[in-house]
Amino acid sequence: MPENTTKSRSDKIASTIEERSRRRSERVVLRVPVELSAMMLHGKRINIEAHSLVVNAHGGLLEVGIEMVRGQRIRLNNLKTEIAASGLVLRVEASEQGRFSVAFEFESPAPHFWPISFPPTDWSSPGATD
């Protein structure tokens, strides 16, 4: 049987996660619905629902249904907690079925944005905000 040379979705996510070898805080696999707001290149503001794939105190990886661009400013609203935070798109990769994996960082650490009861110890670093 021929070997499948295309990467599976989980392989793509794993390689995306592993690309950045330096981490400021530990990553946690967590699926959380968020509302993403951003100004698109054509000047129109969008508000779409997305969800997290992997999170940390400094940002995360989202799956979204629209292509974003590196350097684009975003505003996220956690639909479970109603906490909002601003961030910046770091990387965008096409994923399956017309969706995109969007790596982003918060403008400042936001460990309380994600609903985690027992966050990793490095999430409570100095300078972290709610």
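Structural notes, computed from the coordinates. Just so you know, these numbers come straight off a predicted model, no measurement behind them.

Focus on the overall build of the protein
Broken down by element type, the protein carries one helix and seven strands. Along the chain direction, N to C, the helices and strands of the protein fall in the order α-β-β-β-β-β-β-β. Sorting the 130 residues of the protein into buried and exposed places 39% on the buried side. Taking the contacts inside the protein whose residues are at least 6 apart along the sequence as the reference set, 55% of them involve residues at least 24 apart. Of the roughly 7,900 Å² that the protein leaves accessible, carbon and sulfur atoms contribute 50%.

A look at the packing of aromatic side chains
Tallying each qualifying case throughout the model produces five aromatic pairs. Plain terms: the ring middles of F106 and W114 are 6.0 Å apart, the flat faces sit at 45° to each other, and that makes the pair tilted. Exposure class is identical for F106 and W114. Each is buried. Their ring planes at 90° and their centres at 4.7 Å tell us that F113 and W114 sit as a pair that is edge-to-face. For the pair F113 and W114, a shared accessibility class is recorded, and that class is buried.

A closer look at the pattern of salt bridges
Side-chain pairs of opposite charge can arise whenever the charged atoms involved come near each other. Here the structure, examined in full by the defined rule, presents three salt bridges. When the shortest N-O distance is used, the salt bridge between R99 and E63 registers 3.4 Å. Of this pair, R99 sits in the loop between β6 (84-94) and β7 (100-106) while E63 sits in strand β4 (residues 59-64), and the two are 36 residues apart along the sequence. Assessed through its relative accessible area of 7%, E63 is described here as buried. Where E93 meets R91, a salt bridge forms, and the shortest distance between an N and an O atom there is 3.5 Å. Judged by relative accessible area, E93 falls into the partly exposed class, the value being 26%.

A word on the pairing of strand β3 (residues 45-56)
With two bridges connecting them, strand β1 (residues 28-29) and β3 associate as antiparallel partners. Paired with V28 across the two strands is V55, which belongs to β3. Here seven bridges tie strand β2 (residues 33-39) to β3, and the two strands are oriented antiparallel to one another. Paired with A38 across the strands is I46, a residue of β3. In textbook terms, the turn of a hairpin is the stretch between consecutive antiparallel strands, and for β2 and β3 this stretch comprises five residues, one of which, G43, has a positive phi near 90°. Here β3 pairs with β4 via five bridges, running antiparallel. Among the inter-strand pairings, N56 is bridged to a residue of β4, identified as G59.

Conventions adopted
- Residues numbered from 1 in each chain as written.
- Predicted model: local features only at pLDDT ≥ 70, side-chain atom pairs only at ≥ 80, totals over all residues.
- Heavy atoms only, no water.
- Helix = DSSP H or I, 4+ residues; strand = E, 2+ residues; numbered from the N terminus.
- Buried < 20%, exposed > 50% of the residue type's maximum accessible area, 1.4 Å probe, protein only.
- Contact = heavy atoms within 4.5 Å.
- Areas by Shrake-Rupley, 256 points an atom, 1.4 Å probe, with all protein chains shown as cover.
- Phe/Tyr/Trp six-rings, centres within 6.5 Å; stacked < 30°, edge-to-face > 60°.
- Salt bridge = Lys/Arg side-chain N within 4 Å of Asp/Glu carboxyl O.
- Pairing = 2+ DSSP bridges.

Any functional reading would require information that these geometric values do not contain.
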